[in-house]
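# Remarks on the overall topology
So the chains spell out like this:
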Amino acid sequence: MSAEKRATTTTPPIRAKGRLFRVSLAGDVLPMVLAVALTIVRIVLAYQTPVTVLLGAGTEADDRLFANAALYLAAGKWLGPYGRYTLAKNPGYPMIIALCGTTHIRYQLFFIGAQAIACLAFAIALRPRIRPRWVRVVVYLILLYTPLLFTTTYFRRIYRDGMVIPFAILSLSAYIGWYLRRKGPVRGQLPWSAAAVLGLVPLSLIKENFTWVLPFVLVCSIVMAVGWLKGARREHQGARGPIVRVALLVLPLVLVWSASEAVSRVNYERYCFNGTNERFTGSFARVCSDLSGIDTGEKDEGLWVSRKALESAMGASPTLATIRESVEGSWDEWDESFDGHEVYGDLAYWALRQGYYDARKNATARTASAFWSKVDAELRKAEGTGNIGAKGGLRISQVAPPVGTTDLLPWARRTLDTSATLLRLDALQEHLIEPGWKPVSPPGMFASGEVKMRVLLGGNTLANGEVDDTSKKAAAVSAVDYHLGRVGIAAMRIMNLLLLPAIAALVAMAVRGRVKQPVESLLIALGLALTALAYEAATVWYVSYQLSVFSFDSYLLEVGKYSPEFYVVISMLECLIFAELAGLEHKHAR
């Protein structure tokens, strides 16, 4: 290469803190300019993308629950007066909406801002292994333009499943970056401890099932802690260094626990309920566990609480029997959504809650907790004396029924089949944002709520109406979203198809010695793969009730709705593998 040509591609050396840096125009400047430009485009597009609030029938335990909680939080009234839905779910998502309202940050701007920060954290986390800047910029842009955030399910609807995406990326990125820098100085690990806190704490408060991320977190933490302790012992160092490092590892988990305790304390002060939500903590959750564990000899895995099990429970619990009429009436109402006889899956718990609150119109959190505590004690006593049968098996959740030994193989097979089906991305394709998408329903009793939510969410909030009155600008933005989503899905499908060959190629090159310290990247890849499969296994078990009474397409729709974390982890795994392969020539040259 001539001297004249080198001058056009490389800027003069820059000296900083005694180190000499050579900045390449093609390798450093242009990738950064591209990243900044496309980030601005993505932020502007997200800022203009309309969002819709659904407050009509069927959203009492979903969109309307979050909207009501956010409005009360923004008004300084915590979650509002106690009712059957007040403590049904964690308050993390309404907190974010309320934060947007009180700070006057448009909801979509907060959302895409959090996504950009999380994607940047992942790109920076990979720097010790992926030196070429352009490769890390591509990784950043792939995650920033993920097709997940071009769907109505995760980006245009006010529902919490979308908001877990940036915080899941940030949480995993924090521990990947931390692990890759585990041998560095303590000050270099402080940002990753902070990133872990910023990822895990919101994630734990948004959804009750955030524990899916803990195995990855704990394994990374244990590996690092053991390495530090062994290294200090081998080099005859003092205990201070390892203690400080381990303290940083423990800090994020302590703050997750502290955040949960803080929410529980406020709930206790307001409602006399000690927990973050009633469905997965407290006495009602224990009753759900008791009911799903009753063995009636029925083999339908979709029946978490059958009528026969409910009858057995009422026979064993005089307290539960006091609301028999109301509960049976609730069951009759809910079973119309299924086969007209049974209530399937976790919807049985919603039917049970409705039966209680219909019978106890003036119930408080204190009286409800006391009621379910008595029921729990009576059911456990009956189980202990053998008056009701108990199922055996593995509990993957406190409220889900145990997984029997005979169910393990079919469960594993269904998990693999479902995962492969989800990776075809047909479900995402069907829910891409389209120019004409807008829920249309008669205006009426929820109009005032929609106006209030517009104040919290921003000026791009669309109200329901008898006709689609979406503006031309909103329709144009949605059209761009749709086409970018299609491009993203096409790219993701290609990556999905090439993932296994890419892993095989990386392993082969590692065996040939062309990959520097291959164990690091392969261990991270294995951890991500196992995390994705474990998450999807739990999701598959949780929504398998759909197969008992509905079609396979209905089951896929339900499992896809609850699988943003699966898509996120797979995307991070693919970015890691392909980035490793793209950086091989650079590593070999070094």
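A brief report on the enclosed structure follows. (Residues numbered from 1 in each chain as written. Predicted model: local features only at pLDDT ≥ 70, side-chain atom pairs only at ≥ 80, totals over all residues. Heavy atoms only, no water.)

Before going further, it helps to examine the overall build of the protein chain. Each helix and strand counted, the protein chain has 26 helices and 4 strands in total. A compact globule built from 590 residues should have a C-alpha radius of gyration of about 25 Å, and the protein chain, at 26 Å, falls within 12% of that. Every one of the 590 residues in the protein chain was classed for burial, and the buried ones make up 51%. At a minimum sequence separation of 6, the contacts of the protein chain that also span at least 24 residues come to 76%. If you sum the accessible surface of the protein chain, you get close to 26,800 Å²; carbon and sulfur atoms cover 62% of it. With 63 positive and 48 negative side-chain charges, the protein chain shows a spacing of 15 Å between the two charge centroids. (Helix = DSSP H or I, 4+ residues; strand = E, 2+ residues; numbered from the N terminus. Rg over C-alpha atoms; globule rule 2.2 N^0.38 Å. Buried < 20%, exposed > 50% of the residue type's maximum accessible area, 1.4 Å probe, protein only. Contact = heavy atoms within 4.5 Å. Areas by Shrake-Rupley, 256 points an atom, 1.4 Å probe, with all protein chains shown as cover. Lys, Arg positive; Asp, Glu negative; His and termini not counted. Charge placed at Lys NZ, Arg CZ, Asp CG, Glu CD.)

Our focus in this paragraph is the nonpolar core. When a protein is soluble and globular, its nonpolar side chains tend to lie buried together. The biggest cluster of nonpolar side chains holds 174 residues, and the ones touching the most others in it are Trp372 and Leu528. Dropping the residues within four chain positions of it, tryptophan 372 is found in contact with Ser283, Phe284, Val287, Leu320, Leu352 and Tyr356. (Core = buried A, V, L, I, M, F, W, Y, C linked by side-chain atoms within 4.5 Å.)

Right, let's get into the pattern of salt bridges. Scanning all chains against the criterion turns up 24 salt bridges. Residue arginine 157 is joined to aspartate 63 by a salt bridge in which the shortest nitrogen-to-oxygen separation is 2.7 Å. Of this pair, arginine 157 sits in the loop between α7 (152-156) and α8 (160-180) while aspartate 63 sits in helix α3 (residues 63-74), placing them 94 residues apart in sequence. Using a relative accessible area of 1% as the deciding quantity, one classes aspartate 63 as buried. (Salt bridge = Lys/Arg side-chain N within 4 Å of Asp/Glu carboxyl O.)

Now for the packing of α3 against helix α4 (residues 92-103). Two numbers describe how α3 lies on α4: the axes approach to 8 Å, and their chain directions differ by 50°. In this view, α3 runs oblique relative to α4, as classed from their interaxial angle. Crossing handedness for the pair α3 and α4: right-handed. Contact with α3, carried on its side by Phe66, Ala69, Ala70, Leu73 and Ala74, involves Tyr93, Pro94, Met95, Ile97, Ala98 and Thr102 of α4 and no other residues of that element. When its residues are assigned to classes, the contact of α3 with α4 shows 10 nonpolar, 1 polar and no charged. (Axes fitted to C-alpha atoms, helices over the stretch in contact; angles between N-to-C directions. Parallel < 35°, antiparallel > 145°, perpendicular 65-115°, else oblique. Left-handed = near helix turned anticlockwise from the far one by under 90°. Nonpolar A, V, L, I, M, F, W, Y, C, P; charged D, E, K, R; others polar.)

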